[in-house]
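Reading the structure
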Amino acid sequence: MTTPYALAERAAAELREASGFDRYDLAIVLGSGWREGAVALGEPVSDVATTDLSGFLAPTVAGHSGRILSLDFEGVRVALVSGRVHLYEGHRVDQVVHPVRTLIAAGARRVVLTNACGGIDPDVAPGSVVVIRDHLNLTATSPLEGEAPPEPYGSRFVDLTDLYSARLRRAALAVAPELTEGVYAGLRGPHYETPAEIAMLKTMGATLVGMSTVLEAIAARHLGAEVLGLGLVTNFAAGVTPAHLNHLEVLETGLASAAALGSLLTRLVSAL
Ligand code: HPA
């Protein structure tokens, strides 16, 4: 049987062939709204549809088309990955983390995971970007569940004490001192939370809430990559204000923030 690791290696070889990049330094997984911002990094050298690569699924969410753009930004070989898939689409955890495993197999030792999320802290307004300092994985699963990783991959009992790299967080805050740090609670969704759930998450120490990132972060750390997580707060979480939530608002805040996200990404890439 093909392991998820062998599948990622195969996809990485296909990506190298299709993109002409023999290796990558940095992978940026683009969450809702971030793709429009990433245009600021310049013209990609290649654009590969993820459906042409082994193991990738077609995303089902608007704003998540599956492509890997490759570009050289001041000597840093960057892969921009759009078309994240989520547990709530009915996919398995190994399918959710396959893009991250593929890019790491293609050489990326640094992985930036971006997302759109709800803000639990009333002082952090929609439109703000927050550096993820730590997370609560509330998906009740793990990318390391199941068969033990084959040799030469590391043990499944991976230490997550410093999951979100202190070095990358410092680098991000140095180039973008306007950013704050927060704790991201990752849930399965796809429904948004109830006000009581948000109150619970707040007690548990979360300041952000969303439906992605945590599983990819664990998979990346297991493979020894350095992880940076960036959350774009698209709305106040349920019950933080009297307002109701909707997916359109999430997409619109993303679009409205594109220029600011682009400026942030260009400052970040050469600093990480
Ligand atoms: N909750 C969960 N996921 C989200 C939210 C939210 O409020 N906003 C954007 N993604």
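**Re the site of the ligand**
- All residues adjacent to the ligand are Ala-116, Cys-117, Gly-118, Tyr-192, Glu-193, Val-209, Gly-210, Met-211, Thr-234, Asn-235, Leu-245 and Val-250.
- Interatomic distance of 2.8 Å between a side-chain N/O atom of Glu-193 and a nitrogen atom of the ligand.
- Taking Asn-235, its side chain carries an N or O atom lying 2.7 Å from a nitrogen atom of the ligand.
- Compared with its free state, where it exposes 260 Å², the ligand has 95% of that area covered by protein.
- Ranked by the residues each element gives to the shell around the ligand, the list is headed by strand 5 (residues 110-119), at 3 residues.
- Split into classes, the residues belonging to the shell around the ligand amount to 7 nonpolar, 4 polar and 1 charged.

**Observations concerning helix 9 (residues 258-269)**
- Taking 1.5 Å as the rise per residue, helix 9 with 12 residues should run 16 Å; its terminal C-alpha atoms sit 16 Å apart, in good agreement.
- Here helix 9 has its buried residues at Ala-258, Leu-261, Gly-262, Leu-264, Leu-265, Leu-268 and Val-269. Down the axis of helix 9, the buried side of the element spans an arc of 165 degrees, and every buried residue falls inside it.

**Some points on unusual backbone geometry**
- Along the chain, Glu-151 connects to Pro-152 via a cis peptide bond; the corresponding omega equals 5 degrees.
- One can find Pro-152 in the loop between strand 6 (129-137) and helix 5 (166-175).
- Even without being a glycine, Ala-140 presents a positive backbone phi close to 60 degrees.
- With respect to the element layout, Ala-140 can be found in the loop between strand 6 and helix 5.
- For Thr-213, which is not glycine, the phi dihedral falls at a positive 75 degrees.

**Side note on the side chain of Arg-169**
- Mapped onto the fold, Arg-169 is located in helix 5.
- Arg-169 sits in the buried class, given a relative accessible area of 15%.
- From its side chain, Arg-169 meets the backbone oxygen of Tyr-164 in a polar contact 3.2 Å long.
- Excluding anything up to four places from it in sequence, Arg-169 contacts Val-131, Ile-132, Arg-133, Tyr-164, Glu-181 and Leu-228.

**A few points about the environment of Leu-57**
- Looking at where Leu-57 falls in the secondary structure, it is placed in the loop between strand 2 (46-49) and strand 3 (67-73).
- The exposure class assigned to Leu-57 is partly exposed, which follows from its relative accessible area of 24%.
- Residues Leu-57 and Leu-272 lie 215 residues apart in sequence; the distance between their C-alpha atoms is 29 Å.
- In this view, Leu-57 contacts Thr-50, Val-85, His-91 and Gln-95; residues no more than four positions away in its chain are not counted.

**Re the nonpolar core**
- Core analysis: the largest hydrophobic core is formed by 45 residues, its most contacted members being Tyr-24, Ile-68 and Leu-103.
- Ignoring sequence-local partners within four residues, the contact set of Leu-103 consists of Leu-15, Tyr-24, Ala-27, Ile-68, Ala-79, Val-81 and Ala-108.
- Core analysis: the second largest hydrophobic core is formed by 28 residues, Val-131, Ala-176, Leu-232 and Leu-264 among them.

**Some remarks on the pattern of salt bridges**
- Taken as a whole, this structure holds 9 salt bridges when the rule is applied.
- Close ionic contact of Asp-162 with Arg-221 constitutes a salt bridge, the shortest N to O distance being 2.7 Å. One end of the pair, Asp-162, is in the loop between strand 6 and helix 5; the other, Arg-221, is in helix 7 (residues 214-222), with 59 residues separating them in the sequence.
- Here Glu-178 ties to Arg-267 by a salt bridge, and the two come within 3.3 Å at their closest N and O atoms. With Glu-178 in the loop between helix 5 and strand 7 (180-186) and Arg-267 in helix 9, the pair connects residues that are 89 residues apart, well separated along the chain.
- Note on Arg-267: relative accessible area 30%, which makes it partly exposed.
- One salt-bridge network, in which partners are shared between bridges, spans Asp-22, Asp-25 and Arg-77.

**Some points on the environment of Glu-252**
- With respect to the helices and strands, the residue Glu-252 is situated in helix 8 (residues 247-256).
- By relative accessible area, Glu-252 is classed as partly exposed at 49%.
- In sequence terms Glu-252 and Gly-262 are 10 residues apart; their C-alpha atoms lie 16 Å from each other.

**Topic: helix 4 (residues 98-105)**
- The element helix 4 is extensively covered by neighbouring structure, given that 7 of its 8 residues are classed as buried.
- Of the residues making up helix 4, those classed as buried are His-98, Pro-99, Val-100, Arg-101, Thr-102, Leu-103 and Ile-104.
- Of the residues flanking the end of helix 4, it is Gly-107, one or two places downstream, whose phi is positive at about 110 degrees.

**Some remarks on the packing of helix 1 (residues 4-19) against helix 4**
- In contact at an axis separation of 8 Å, helix 1 and helix 4 are set at 60 degrees when each is read in the N-to-C sense. When the axes of helix 1 and helix 4 are compared, the pair comes out oblique. As helix 1 runs across helix 4, the sense of the crossing is right-handed. Residues Pro-4, Tyr-5, Leu-7, Ala-8, Glu-9, Ala-11, Ala-12, Leu-15 and Arg-16 of helix 1 pack against His-98, Arg-101, Thr-102, Leu-103 and Ala-105 of helix 4.
- Split into classes, the residues belonging to the contact of helix 1 with helix 4 amount to 9 nonpolar, 2 polar and 3 charged.

About the cut-offs
- Residues numbered from 1 in each chain as written.
- Predicted model: local features only at pLDDT ≥ 70, side-chain atom pairs only at ≥ 80, totals over all residues.
- Heavy atoms only, no water.
- Near = heavy atom within 4 Å.
- Polar contact = N/O pair within 3.5 Å; in protein donor to acceptor, adjacent residues only side chain to side chain.
- Areas by Shrake-Rupley, 256 points an atom, 1.4 Å probe, with all protein chains shown as cover.
- Helix = DSSP H or I, 4+ residues; strand = E, 2+ residues; numbered from the N terminus.
- Nonpolar A, V, L, I, M, F, W, Y, C, P; charged D, E, K, R; others polar.
- Expected span 1.5 Å × (residues − 1).
- Buried < 20%, exposed > 50% of the residue type's maximum accessible area, 1.4 Å probe, protein only.
- Arc of directions from axis to C-beta.
- Contact = heavy atoms within 4.5 Å.
- Core = buried A, V, L, I, M, F, W, Y, C linked by side-chain atoms within 4.5 Å.
- Salt bridge = Lys/Arg side-chain N within 4 Å of Asp/Glu carboxyl O.
- Axes fitted to C-alpha atoms, helices over the stretch in contact; angles between N-to-C directions.
- Parallel < 35°, antiparallel > 145°, perpendicular 65-115°, else oblique.
- Left-handed = near helix turned anticlockwise from the far one by under 90°.

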